[in-house]
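A closer look at the structure
Here are the chains, one letter per residue:
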Amino acid sequence: EVTAIFHLGAISDTTVLDTERLLETNFRLSVSLWEYATEEGIRFFYASSAATYGDGSQGFDDDGSPEALAKFRPLNPYGWSKHLFDQYVAKAVREGRAEPPQWVGLKFFNVYGPNEYHKGRQKSVIAQIFPDVKAGRPVRLFRSHNPDYLDGGQLRDFLWVGDSIEVILWLYVHPNVSGLFNLGSGEARSFLDLAHAMFAAFNAEPRIEFIDTPEEVRERYQYFTQAEMSRLRQAGYDQPFHSLEDGIKRYVCDHLNTADPYV
């Protein structure tokens, strides 16, 4: 009696270099689920990633056409595994092959929120620096190695996880909407902004130190990401997204700084 598949699982560690494992888990499994959903007439929702955009030099437009997707060059094998499936779907749709009755790919940007605690180094920066902020220790941020950005001035599109759930549920109750969509707040904010919001949630004075970005990721480091959200808005989604400050306050007060941080 399955009517919809929400395929959000994947190897999401951007440092994994085992391409065969990534292809099996992030690409071939997704193709199998797409084909099953198509054969059984099941609606299909899947997680893509902002990592598909690479260094951002080609912009962050979620045009799902094969021509638009061909411009992007992800910076790591994880990004490529997600990009390959976006391209697979785009080609299937372009060629008029059978497809699920509704399908949606979501290019998630920097999602943060409860239940991410198992992810180690892939946790949001908010979850990673929380113990230091709570203990009154300085927060360490990466120093900028790009003259166009100040230390801590690297920009990301941070998204409160609750907002991502609202979008997914909205798509579920609008079965006429299909396509590839960005999912971010639509506003780039700096890691300095993030750190200041964390200290503000504790009513504490900011204490921030800078460390060098590790050499192994320095050449592939993104300095700017920002979701272009017009396609989702044009599709009809009109709810506001949490500001970084409001999202962090909810995360700290309702989860991180409680006896049980899980939902």
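Scroll up to find the structure.
Scope of this entry: the structure provided in the associated data block. (Residues numbered from 1 in each chain as written. Predicted model: local features only at pLDDT ≥ 70, side-chain atom pairs only at ≥ 80, totals over all residues. Heavy atoms only, no water.)

Quick look at the overall build of the protein chain now. From N to C terminus, the protein chain includes nine helices and ten strands. The C-alpha atoms of the protein chain give a radius of gyration of 19 Å, which matches the 18 Å a tight globule of 263 residues would have. Projected onto its principal axes, the C-alpha coordinates of the protein chain cover approximately 55 × 35 × 35 Å. Within the protein chain, counting contacts between residues at least 6 apart in sequence, those at least 24 apart form 80% of the total. Summing over all exposed atoms, the protein chain offers an accessible surface of approximately 13100 Å²; the carbon and sulfur share of this is 49%. Averaged over its 26 positive side-chain charges, the protein chain has a centre that lies 3 Å from the centre of its 37 negative ones. (Helix = DSSP H or I, 4+ residues; strand = E, 2+ residues; numbered from the N terminus. Rg over C-alpha atoms; globule rule 2.2 N^0.38 Å. Contact = heavy atoms within 4.5 Å. Areas by Shrake-Rupley, 256 points an atom, 1.4 Å probe, with all protein chains shown as cover. Lys, Arg positive; Asp, Glu negative; His and termini not counted. Charge placed at Lys NZ, Arg CZ, Asp CG, Glu CD.)

Before going further, it helps to examine the nonpolar core. Generally speaking, a soluble globular protein has its nonpolar side chains buried in company with each other. Counting residues in hydrophobic clusters, the biggest one holds 38 residues, and the most contacted among them are Phe85, Leu106 and Leu171. Within the residue set of this core, elements represented by two or more residues are strand E1 (4-7), helix H1 (19-40), strand E2 (43-49), helix H3 (77-94), strand E3 (103-108), helix H5 (161-172) and strand E8 (179-183). Sequence-distant contacts of Phe85, defined by excluding residues within four places in its chain, comprise Phe27, Ser30, Val31, Trp34, Phe44 and Tyr46. Ile126, Leu244, Ile248 and Tyr251 belong to the second-largest nonpolar core, a separate cluster that totals 24 residues. (Core = buried A, V, L, I, M, F, W, Y, C linked by side-chain atoms within 4.5 Å. Buried < 20%, exposed > 50% of the residue type's maximum accessible area, 1.4 Å probe, protein only.)

Turning next to helix H4 (residues 125-135). Among all positions of H4, only Ile126, Ala127, Ile129, Phe130 and Val133 are buried. Buried residues in H4 make contact with strand E4 (110-112), strand E5 (139-142), helix H6 (191-201) and helix H9 (244-256). Positive backbone phi, at 80°, marks Gly136, one or two positions downstream of H4.

What follows covers the side chain of Ser124. Along the chain, Ser124 falls in the loop between E4 and H4. Classification of Ser124 by relative accessible area gives buried; the value is 12%. The contact partners of Ser124, leaving out residues within four places of it in the chain, are Val111, Tyr112, Glu116 and Tyr251.

Taken as a whole and judged by the stated rule, the model has 13 salt bridges. Glu67 serves as the salt-bridge partner of Arg94, at 2.9 Å between the closest nitrogen and oxygen. With Arg94 in helix H3 and Glu67 in helix H2 (residues 66-69), the pair connects residues that are 27 residues apart, well separated along the chain. Measuring nitrogen to oxygen at the nearest pair gives 2.8 Å for the salt bridge that ties Asp132 to Arg137. (Salt bridge = Lys/Arg side-chain N within 4 Å of Asp/Glu carboxyl O.)

With that out of the way, let us pick up the packing of H4 against H9. Closest axis-to-axis distance for the H4/H9 pair is 12 Å, and the angle between their directions is 60°. Accordingly, the angle class assigned to the pair H4 and H9 is oblique. The interaxial crossing formed by H4 with H9 has right-handed handedness. Residue-level inspection shows Ile126, Ala127 and Phe130 of H4 in contact with H9, the latter providing Ile248, Tyr251 and Leu256. Here the residues of the contact of H4 with H9 are counted per class, giving six nonpolar, no polar and no charged. (Axes fitted to C-alpha atoms, helices over the stretch in contact; angles between N-to-C directions. Parallel < 35°, antiparallel > 145°, perpendicular 65-115°, else oblique. Left-handed = near helix turned anticlockwise from the far one by under 90°. Nonpolar A, V, L, I, M, F, W, Y, C, P; charged D, E, K, R; others polar.)

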